[in-house]
Amino acid sequence: MEFEIQGVPVSELAREYGTPLYVYDAEVLRTNYQRLRENLHPAVDVFFSLKANPNISICSYLGSLGAGAEVSSLTELITAQRAGVAPENIIFLGPGKTTKELRACLDAGLHAVVCESLEELEALDALAVEAGLTDVPVLLRMNPDFQTKGGGLSMGGKPRQFGVDLSVLRQSAASLVRTLRAARVIGVHAYMGTRILDYSDVVNNTTNILSIAEALCEELGVPLRTVDFGGGLGVPYFDNEKELDLNALHGEVNAVIEQFVERHPQTRLIMELGRYLTAVAGTYVVRVLYVKESMGERFAVADGGTNHHMAAVGVGSFVKRNFPIRSLTRYHDPATAPITVTGPLCTPNDVIGKRVALPPVSPGDLLGVERSGAYGPTASPVLFLSHGYPAEVLVHDGTPHLIARRDTPADLLNRQHLVRF
Ligand SMILES: *Cc1c(COP(=O)(O)O)cnc(C)c1O
């Protein structure tokens, strides 16, 4: 029995759209989003971080479910706008916004621009005056003085290019805020790290950020209209990892939020999430080209590899840990023997899975890397060996939609200029 998505056999998708292929299940996106929504305090708005999956249809679908958008580049901003997310539900952040991007934010009339330095705040203010605007809403991204261990990268609580150190905000932001002519600080943003799987980290983050935000806005003499307390909720990929406990989260985080809401019923609360909203809905589908053996180890060489799925390499850990990899052709068959799954690149690092326990694998079989809906091709060296971007398909109500076509040689070559010698 092969793998099916909403009754559509994966072999049909592979035949229609080719491989390598990213397949997303809209039903999983929806149930996942709604389960989070039901467990989260109603005062908290969920914003989708496009960084995790910048496809316009994914954004539009999550938007239709009620998610706002957190964008970090001009193209991501345009994506969210075209996907139909209302400007009052879009925020723009990132440590290196260009003048062009800041102007686009002003034109768009976003809920807020998240300023990551006092210099940027001054620059935005000047641009806003130039554009004849008043009351341009701004969130100050702070780098607080506490850390979150979490599972993944820590983004705050130590020297970082992101945001403004809390101590600097306390020392010098008040005088700057008073001199602003068009930009208006309406609250605070903080993002502590990614891949958090322990709910108590979320509780601590939320508690700390809300209380710092409250004190800081008081000190700066600015209203507390919005607090974005980040997110970074993770999904388990590896054997030793466990699903985030949504029930516990529901109880304890919401209690913290409820206390805050009682004091500040008018404040908008935002949680921005990328991985958590999309990861489990996506499968990276590759076709096995060759099965071979080298010095006692079996290899399945596939038509796609880490060029589309860099995360599968497992950078940053000594022991390679495998993403969940399944035979999509023999989806329910028991594993018989370990086999190493590699891609088409001419580098020994192009290993999607090391000694994966799989049912028998033959050339022509489809293999899938599951939980791959976040940080897939967008975070991978897709141009390596000039393979280009894979196709992406979203299955919705039993109907597959091509949401990004694969790059052709012409796509890749048309951007280059031939100088004949
Ligand atoms: C990357 C990033 C996100 C999304 O992180 P996830 O772990 O995918 O949820 C949100 N906010 C900021 C500031 C980020 O840098």
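Residues numbered from 1 in each chain as written. Predicted model: local features only at pLDDT ≥ 70, side-chain atom pairs only at ≥ 80, totals over all residues. Heavy atoms only, no water.

Student: Summarise the pairing of strand β10 (residues 183-189); cite the residues concerned and give the values.
Tutor: For β10, the tally of buried residues reaches 6 of 7 residues, placing the bulk of the element in the interior. Pairing between β10 and strand β11 (residues 226-231): 3 bridges, direction parallel. Note that in β11 the partner of glycine 187 across the bridge is threonine 226. (Buried < 20%, exposed > 50% of the residue type's maximum accessible area, 1.4 Å probe, protein only. Helix = DSSP H or I, 4+ residues; strand = E, 2+ residues; numbered from the N terminus. Pairing = 2+ DSSP bridges.)

Student: Before we move on, could you go through the nonpolar core and cite the residues and values that matter?
Tutor: Nonpolar side chains tend to gather and get buried jointly when the protein is soluble and globular. Counting 110 residues, the largest nonpolar core has Leu36, Leu121, Leu233 and Leu269 as its most contacted members. In terms of residue count, the dominant contributor to this core is helix α8 (residues 199-220) (9 residues). Residues lining this core come from more than one domain, with at least three contributed by each of domain 1 (93-273) and domain 2 (280-414). Setting aside its immediate chain neighbours within four residues, leucine 269 contacts Ala43, Val44, Asp45, Leu210, Val227, Phe229, Ile257, Phe260 and Val261. Counting residues in hydrophobic clusters, the runner-up holds 16 residues, among them Ile5, Ala14, Leu328 and Ala391. (Core = buried A, V, L, I, M, F, W, Y, C linked by side-chain atoms within 4.5 Å. Domains from an automatic or database assignment. Contact = heavy atoms within 4.5 Å.)

Student: Can you break down the pattern of salt bridges residue by residue, with the values?
Tutor: The tally for this structure, following the rule as stated, stands at 16 salt bridges. In this structure, the salt-bridge partner of arginine 30 is glutamate 27, at a minimum N-O distance of 2.4 Å. A residue pair is termed a helical-turn pair when its members lie 3 or 4 positions apart in one helix, as arginine 30 and glutamate 27 do in helix α2 (residues 26-39) at 3 residues. Judged by its relative accessible area of 26%, arginine 30 is partly exposed. Put simply, aspartate 411 and arginine 405 hold a salt bridge, and the shortest N to O gap is 2.6 Å. (Salt bridge = Lys/Arg side-chain N within 4 Å of Asp/Glu carboxyl O.)

Student: I'd love a proper account of the site of the ligand, names of residues and values included.
Tutor: Taken together, 14 residues are adjacent to the ligand, and Lys51, Thr194, Glu272, Arg275 and Tyr375 come closest. In the environment of the ligand, a nitrogen atom lies 2.5 Å from a nitrogen or oxygen atom belonging to the side chain of glutamate 272. Here arginine 275 contributes a backbone N or O atom positioned 2.8 Å from an oxygen atom of the ligand. For the ligand, whose unbound accessible area comes to 390 Å², protein coverage reaches 95%. (Near = heavy atom within 4 Å. Polar contact = N/O pair within 3.5 Å; in protein donor to acceptor, adjacent residues only side chain to side chain. Areas by Shrake-Rupley, 256 points an atom, 1.4 Å probe, with all protein chains shown as cover.)

Student: Can you explain the domain arrangement of the protein? Please cite residues and give values.
Tutor: Frequently, the measure chosen for interface size is the accessible area that the parts lose on association. One can read the domain layout of the protein as domain 1 (93-273) and domain 2 (280-414). Taken together, the contacts link 7 residues of domain 1 with 6 residues of domain 2. Together domain 1 and domain 2 conceal approximately 670 Å² of surface at their shared face, both sides included; 53% is due to carbon and sulfur atoms. It is Val235, Tyr237 and Phe238 in domain 1 that bury the most area against domain 2; as a group they hold 72% of the surface buried on that side. Counting the contacts that link domain 1 with domain 2 gives 1 salt bridge. The closest approach of N and O atoms between arginine 371 and glutamate 243, which form a salt bridge, is 3.7 Å. Partitioning the side of domain 1 that touches domain 2 into residue classes produces 4 nonpolar, 1 polar and 2 charged. (Buried area = accessible area lost by both parts, 1.4 Å probe. Nonpolar A, V, L, I, M, F, W, Y, C, P; charged D, E, K, R; others polar.)

Student: Tell me about the side chain of glutamate 272, residues and numbers included.
Tutor: Within the secondary structure, glutamate 272 sits in strand β12 (residues 268-273). Buried and unpaired, glutamate 272 has arginine 141 as its nearest opposite-charge partner, separated by 6.3 Å. At 3.0 Å, the side chain of glutamate 272 forms a polar contact with the side chain of histidine 189. In contact with glutamate 272, not counting residues within four places along its chain, are Phe47, Ser49, Glu70, Ile91, Leu93, His189, Tyr191, Asp228, Gly230, Gly231 and Gly232. (Lys, Arg positive; Asp, Glu negative; His and termini not counted.)

Student: Describe the packing of helix α7 (residues 166-179) against α8, and please don't skip the residues or the numbers.
Tutor: Contact geometry of α7 with α8 gives a least axis separation of 9 Å together with a crossing angle of 35°. The crossing of α7 and α8 is right-handed. Together, Leu166, Leu169, Arg170, Ala173, Ala174 and Val177 of α7 and Ile212, Ala215, Leu216, Glu219 and Leu220 of α8 make up the contact between the two elements. Of the residues belonging to the contact of α7 with α8, the class tally is 9 nonpolar, no polar and 2 charged. (Axes fitted to C-alpha atoms, helices over the stretch in contact; angles between N-to-C directions. Left-handed = near helix turned anticlockwise from the far one by under 90°.)

Student: Tell me what's going on with the packing of α8 against helix α9 (residues 246-263), and back it up with residues and numbers.
Tutor: Where α8 meets α9, the closest approach of the two axes is 9 Å, and the angle between their N-to-C directions is 10°. Relative to α9, the element α8 is oriented roughly parallel. In contact with Tyr199, Val202, Val203, Thr206, Thr207, Leu210 and Glu214 of α8, α9 contributes Ala248, Leu249, Glu252, Val253, Val256, Ile257, Phe260 and Arg263. Here the residues of the contact of α8 with α9 are counted per class, giving 10 nonpolar, 2 polar and 3 charged. (Parallel < 35°, antiparallel > 145°, perpendicular 65-115°, else oblique.)

Student: Which residues make up unusual backbone geometry, and what are the values?
Tutor: A cis amide bond links threonine 19 with the next residue in sequence, proline 20, at an omega value of -10°. In this structure, methionine 295 takes a positive phi of about 45° despite not being glycine. Of note, methionine 295 is situated in the loop between β13 (282-294) and β14 (297-302). Positive phi outside glycine occurs at arginine 371, with the angle close to 60°. Along the chain, arginine 371 turns up in the loop between β18 (366-369) and β19 (391-396).

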